[in-house]
Amino acid sequence: MEKLVITGPTPLKGEVEINGAKNAAVAILPATLLIDGVCTINNLPNISDVQILCKILEEMGAKIVWNTSNEITIDTRNINTNQAPLDLTSKFRASYYLIGAMLGRTGEIEVGMPGGCKLGARPIDQHIKGFELLGATVEVGKGTISAKAKCLTGNSIYMDVVSVGATINVMLAAVLAKGTTIIDNAAKEPHIVDVANFLNTMGADIRGAGTDVIKINGVEKLHGDCTYSVVPDQIEAGTFMLAAIASKGDLLIKNCITKHLECITAKILEIGGNVEDYGDSIRVWYSKRPNKAIIKTLPYPGFPTDLQPQMGVVLATANGTSIINESIWESRFQYTEELNKMGAKITAQGKTAIFEGVESLSGAPVYSSDLRAGAALIVAGTAANGVTEVYNLEHIDRGYENIEEKFRQIGANIERVNE
Ligand code: EPU
C-alpha cells in the first residue's frame, strides 16, 4: 500500500504550474466520439481518470498516440462497438459522458454504472430526463445503464437542479441532433464553457455556455483536424492558493485563469490573506493568522464544493469559530474526522461543520475518503507539526498530476512510500 509521508511544518514558497482541468478533460475525451476524424488535445492532465478514459476509448476502437505526457492525438473514425467496457466505466464518475456522446454518434450505448468519489447520493435523473426529452429511451439495469435512440431531436430542457454533469451530457447528445435544443437552468462552470469551445472548434453550434441558458443548434457532423488546449484547472489552482495560506507560505500559481478564481480570492482576502492577480498567474501569501469565516458551497460562480475541504484546513487553525455549509454533496465532511486526529476541533453534522480554530495541527496517520479530501490532508500535513502519513492515494491520483513532486518543488518535505 502506498502512502505519502509529510514532515511539517514547511511554509510552501515558490512557483507552481497548474495543469489542464480534470473535469474538462474527462468530458472532452468522450466528446471526441462525436467526431468523424482525428484531433489533438493538449494541456491534458496526466491523471488516472484520463488514463482510464483513454483505455476505454481504445477498447472501443479509438487510436490514441501520446505525443507528450500532456498531449494526445486521437482518431475516433473506427469506433466498432456500442458497449463501453463495464469494468472500467464503473471505476469513475465521468463515464456517464460516454452515454451522451454515443447517443449522438450511433444512437446506442451501454456503460457500467458510473462510480467515482463517495460523496453521498449521486443521482443522474437530470441526465436521463434530458436524453429522454431528446427522444432516447434509457434503461437502468443492475450495474449498467443503456440508452437507445432511433433519432435525436432538439427540445427544450429545464434542469430541476443545477448539474455540471447533466448540462454537459445533454450538450453532447444534442450536438448532432436534429433541430435546436435549449438547456435552461444550466450549470456555468468553466469546464462547461471549455467543452462547448472544444465542440464548437470541431464544428458544433453551441451558444450561451457559461450562462444559465445554452442553445445548441444541431449540425450534420463534426470534423477533426483541430488542436484543442484544455482550460487550466480552477480547482488545482484553488488548492495551491489555500495551501499558501494554510502553510504560512507565499506561492506564485502559474497557468491559471484568475477570473475563475474570484470566489476563492474574495474569501482569502476576507480572512486576511494576501492576493495579487496577474491575469494568467496569481500570487497568494500569508502574513497573519486567518480570521474566522462563514462559507457556503454553491454552483459556479459560488464557492466550489471541490475546494471546501482545502478551505476547511485553513479554517481549522483560524482565529475564532467558522462555519461551512456544504450545499452540493451529502457526505463531504469525512475529512473533518481526519483533521480532528491532527488536533483540529471540528464538529460536523449533516451539511454543516463548525470549526473551532486551534493554534496549530500535529502530524498523524490519516485516510483520504475522496479526491479533494486527500488534497486537503496533504495541505494539512505541510502545515502540521511532525509527521503526517496520508493513505488511500488512489483517490488523489485520480485528479492531481504529480502531486508530491509539485509540493516538493515548493518546499514540502514529502515522499511517496510503498509499504
Ligand atoms: N444532481 C441531481 N440529479 C442529477 C445530477 C445531479 O439531483 O441528475 C444533484 C447532485 O446530487 C448534486 C448536485 O446536483 O447535489 C450537483 O451535481 P453535479 O451533477 O453538478 O455533479 P457531477 O457532475 O456529478 C461534477 C464534478 C464534481 C463536482 C460537482 C459539482 C465531474 C466529473 N465531477 O460532478 O467533482 O463536485 O460537479 O461541482 O465533473 C471532484 O472533482 O472532486 C468532484 C467530485
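Reading guide: rules and limits
Residues numbered from 1 in each chain as written. Predicted model: local features only at pLDDT ≥ 70, side-chain atom pairs only at ≥ 80, totals over all residues. Heavy atoms only, no water. Helix = DSSP H or I, 4+ residues; strand = E, 2+ residues; numbered from the N terminus. Buried < 20%, exposed > 50% of the residue type's maximum accessible area, 1.4 Å probe, protein only. Contact = heavy atoms within 4.5 Å. Patch = residues over 30% accessible without salt bridge, like charges linked within 9 Å, V, L, I, M, F, W, Y side chains within 5 Å. Areas by Shrake-Rupley, 256 points an atom, 1.4 Å probe, with all protein chains shown as cover. Salt bridge = Lys/Arg side-chain N within 4 Å of Asp/Glu carboxyl O. Lys, Arg positive; Asp, Glu negative; His and termini not counted. Axes fitted to C-alpha atoms, helices over the stretch in contact; angles between N-to-C directions. Parallel < 35°, antiparallel > 145°, perpendicular 65-115°, else oblique. Left-handed = near helix turned anticlockwise from the far one by under 90°. Nonpolar A, V, L, I, M, F, W, Y, C, P; charged D, E, K, R; others polar. Phe/Tyr/Trp six-rings, centres within 6.5 Å; stacked < 30°, edge-to-face > 60°. Lys NZ or Arg CZ within 6 Å of the ring centre and 35° of its normal.

Draft legend 1. A look at the environment of K3. Locating K3 in the fold gives a position in strand β1 (residues 2-8). On the accessibility criterion, K3 (8% relative accessible area) is buried. A C-alpha to C-alpha distance of 30 Å links K3 and N67, two positions 64 residues apart in sequence. Among all residues touching K3, those that are not within four sequence positions of it are E389, V390, Y391, L393, E415, R416, V417 and E419.

Draft legend 2. How the structure looks around a nonpolar patch on the surface. Residues I294, I323 and I354 make up a contiguous nonpolar surface patch of roughly 260 Å² in combined accessible area. For I354, the location among the structural elements is in strand β20 (residues 352-356). Overall, I354 belongs to the partly exposed group, its relative accessible area being 39%.

Draft legend 3. Local environment of the side chain of D233. Structurally, D233 can be placed in the loop between β13 (226-229) and α8 (234-246). The buried charged residue D233 lacks any salt bridge, with R372 as its nearest oppositely charged partner at 5.2 Å. Among all residues touching D233, those that are not within four sequence positions of it are I18, N19, G20, A21 and K22.

Draft legend 4. Geometry of the packing of α8 against helix α12 (residues 371-383). Closest axis-to-axis distance for the α8/α12 pair is 9 Å, and the angle between their directions is 25 degrees. Of the possible angle classes, the one that applies to α8 and α12 is roughly parallel. As α8 packs across α12, the resulting crossing turns out to be right-handed. Across the interface between the two elements, I235, T239, A243 and A246 of α8 pack against R372, A375, V379 and A383 of α12. Taken together, the residues of the contact of α8 with α12 break down into six nonpolar, one polar and one charged.

Draft legend 5. Structural context of the packing of aromatic side chains. Enumeration over the complete set of coordinates arrives at five aromatic pairs. Centroid distance F198 to Y228: 5.5 Å. Interplanar angle 75 degrees. Geometry classified as edge-to-face. Separated by 30 residues along the polypeptide, F198 in helix α7 (residues 190-201) and Y228 in strand β13 bring together distant segments of the chain. What makes Y228 buried here is its relative accessible area of 9%. Consider the rings of F333 and Y335, whose centres lie 6.4 Å apart with planes at 45 degrees: the pair is tilted. The exposure class of Y335 is buried, given its relative accessible area of 1%. For R122, the ring lying beneath its charged end belongs to W329, and the centroid distance is 4.5 Å. Lying over the aromatic face of W285, R283 brings its terminal NZ or CZ to 3.8 Å of the ring centre.

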